[in-house]
Every structure is written in structure tokens, then in C-alpha cells.
Amino acid sequence: MSLGTLITVAPTGAEHAKADVPQLPVTLEELVKTAQSCEQVGAAMIHVHIRGEDAKPSLDLGRLKATVEALRSETSLVVQLSTGGSVRDPESDRLRVLEAMPDSASCTMGTVNFGDDVFMNRWEFIVSLHKGMQERSIVPEYEIFDIGQLASLKRLLDQHGLPAGGHVHVDFVMGVPGGMPGDAATLVAAVNALPDGATFSATGIGRTTLPVMFTALGAGGHLRVGMEDTISYSRGVPVRDNAQLVARAAGLSKIAQRPALTPDEARKLLGVHI
């Protein structure tokens, strides 16, 4: 069990519209301010989706590079880019994300129903992402939406070797309609199926946020929180900002006697080059 907790903030995502959630950070200035405030209250890593001028999801490479540069300049956070984009983004654009050279990037380990949509992740695409990160020394975070995807992860590691940094870290994304439920029993089963030596974070979508958070802390895992995953702080109470969610996670981590890791401690855990 880790003596500290890696807290990742996922501040924006690709699902919520700015018009519906005015406090959602979508501009580079808003994202940097969000990152700074979240670092101050306990975040060590930021999981980044970007938006275009129209506030809609974008994988524009120039914007991605500018975002990585700004976050590195203005914070100490580990910068992780999403290669998921939105469910409609082509594979070529998703692979090109790696050219922005973040510290880390996501690698989703299988196709999953995503509400009324399908989040497509073909095996060949997964392998290309894995190899692309190995070549660029980008540390992957393997996103797991269903327990069977852990078998795909073991196959990937067996066939193509350990990731950049040499350490395997996964994020269980739980509670997505079409994926695994966000409950304690499912998280425990998923943890028991991890590759030897792997660490994990867990994300509870929407109303599964707290059950997943409590279970992950008890199981020695780490946390991802943010407005990508929930826009409600409690029943009927909207989230004020991302820092509010990070502060709650940090407070619970402290109660669990596993206080929030610093960004440098997170780099050591994940194998990110310092």
C-alpha cells in the first residue's frame, strides 16, 4: 500500500458543454488558472482535454503543444494528455497527440459502449499508442473501462514490453453507462486482476464518485477527480470549481493517513523523467 495518494485532476473532458456548465475551464487561461488552484490544494497530475475557439473538443496539435508548454511553465504538475479526445475523433488525430510531448498520456485498453455512443479502441491502435509512447519516453496511464480490458493489458505487456518509465499504472474509469459499475465489489475485483507490480487510480463518474473514492483509498490506490467526471458536488449541489473536488479528495486522503503526493513524488511513482 502506498504511503501517499496521487491525486489527478481531470478538469474539462469532452462531454460537457460550456453553455451548460459555465464554470468549466475551456480556454488556455482558464485551464492554467484551474491547474494552479488544484495544485495548491493537492493535485499532482492534470489529465488534459482541450477545446477550440468554439469551446468544443479539439485535438489541434498547435493548441496541444501550447497547453503543455503553458502548464509546464506555470505549474509543477505532471502533464498528461488524453489520447481519447471525443468519441468522434479519428485514430490519426489521436495518435498525433503524442507529438505534443507531454509527460504522460492516456491509453485506453479496449472498445466500450459510452452512453449512446461507442468509444472505439482497436487492438492495432492500442499497440500503436503503446509503441509511440515507448519511442518518445512518454509514460502511459492505461485507462480501464471494463475488467476484461485488464487481460488486454497483460497481452500488450507480454507482446510489446513494459511502458516508458518501466512502471505500469492504470486508471479504472467506473460508472460510465456501458462500462463497469462504480461500486466497491467491482473495484476490488479489478484490483485483484491487475498485473503484478502495477499501481492504480480510480475514477467514479457522476454519483459513483464517492463510493469509488472511498474504496480506492482503502485498497491502497490513487484518485482521479474533476469536472470531466462529475459536475455535482452532492445531490442537487453543482460543483463550484475543480479545486473544490481536489480539496475533498486531499482531505479524505489525509484522513486515510495517505496524504496527497507532491508532483515530484508522483513522477517517482509513475516513472516520469524528472
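In case you missed it, the structure is sitting above this.
Residues numbered from 1 in each chain as written. Predicted model: local features only at pLDDT ≥ 70, side-chain atom pairs only at ≥ 80, totals over all residues. Heavy atoms only, no water.

A.B. asks: Any chance you could explain the pairing of strand S12 (residues 222–225) here in plain terms?
C.D. replies: Each regular strand shows side chains that alternate between the opposite faces of the sheet. Covered by surrounding structure in S12 are His222 and Arg224 together with Leu223 and Val225, the residues of both alternating faces. Alignment of strand S1 (residues 7–9) against S12, held across three bridges, turns out to be parallel. Note that in S12 the partner of Thr8 across the bridge is Arg224. In this region the chain leaves strand S11 (residues 199–204), passes through helix H7 (residues 209–218) and returns to the parallel neighbour S12; the handedness of that crossover is right-handed. (Buried < 20%, exposed > 50% of the residue type's maximum accessible area, 1.4 Å probe, protein only. Helix = DSSP H or I, 4+ residues; strand = E, 2+ residues; numbered from the N terminus. Pairing = 2+ DSSP bridges. Right-handed = clockwise from strand over helix to strand, strands pointing away.)

A.B. asks: When you look at the packing of aromatic side chains in this model, what are you seeing that I'm missing?
C.D. replies: What characterises a pair of aromatic rings is the spacing of the ring centres plus the angle enclosed by the ring planes. Following the criterion strictly, the structure yields four aromatic pairs and no others. With a centroid separation of 5.6 Å and 45 degrees between ring planes, the pair formed by Phe172 and Phe200 is classed as tilted. Note that Phe172 is positioned in strand S10 (residues 169–174) and Phe200 in strand S11, a separation of 28 residues in sequence. Comparing Phe172 with Phe200 shows no difference in burial state: the two are buried. Ring-pair connections join several aromatic residues into one group, and the members of that group are Phe114, Phe119 and Phe145. The positively charged end of Arg155 is found above the aromatic ring belonging to Trp123, 3.8 Å away from the centroid. (Phe/Tyr/Trp six-rings, centres within 6.5 Å; stacked < 30°, edge-to-face > 60°. Lys NZ or Arg CZ within 6 Å of the ring centre and 35° of its normal.)

A.B. asks: What exactly am I supposed to notice about helix H1 (residues 28–41) here?
C.D. replies: If you check H1, its first and last C-alpha atoms are 20 Å apart, about what 14 residues at 1.5 Å a residue would give, namely 20 Å. Within H1, the full set of buried residues consists of Leu31, Val32, Thr34, Ala35 and Cys38. The buried side chains of H1 occupy one side of the element, clustering within an arc of 160 degrees when seen end-on. Opposite the buried face of H1, at more than 90 degrees from it, the exposed residues are Glu29, Lys33 and Gln40. Of the surrounding secondary structure, the elements contacted by the buried residues of H1 are S1, strand S2 (45–48), helix H2 (61–74) and helix H8 (242–255). Two residues or fewer after H1 comes Gly42, characterised by a positive phi angle close to 135 degrees. (Expected span 1.5 Å × (residues − 1). Arc of directions from axis to C-beta. Contact = heavy atoms within 4.5 Å.)

A.B. asks: Sorry, what's going on with the sheet that holds S1 here?
C.D. replies: Whether parallel or antiparallel, the strands of a sheet pair through hydrogen bonds between backbone atoms. With parallel pairing, eight strands are arranged side by side around a closed barrel as S1-S2-S5-S6-S9-S10-S11-S12. The mean angle between the axes of side-by-side strands here comes to 25 degrees, regardless of whether they run parallel or antiparallel. Running at roughly 160 degrees to S11, H7 makes contact with S10, S11 and S12 of the sheet. Lying on the sheet, H8 is in contact with S1 and S12; it crosses S1 at an angle near 170 degrees. (Axes fitted to C-alpha atoms, helices over the stretch in contact; angles between N-to-C directions.)

A.B. asks: Explanation requested: the side chain of Thr215 in the structure shown.
C.D. replies: Examined against the element boundaries, Thr215 turns out to sit in helix H7. With relative accessibility at 15%, the residue Thr215 sits in the buried group. The contacts of Thr215, once residues within four sequence positions are left out, are Ala184, Leu187 and Val188.

A.B. asks: Please explain H7 as it appears in this structure.
C.D. replies: For the α-helix, the turn length of 3.6 residues means that residues three or four positions removed from each other point alike. For H7, every residue scored as buried is listed here: Thr209, Val212, Met213, Thr215, Ala216 and Leu217. Buried-residue contacts for H7 involve S10, helix H6 (184–192), S11, S12 and H8. Gly220 sits one or two positions beyond H7 and adopts a positive phi of about 80 degrees.

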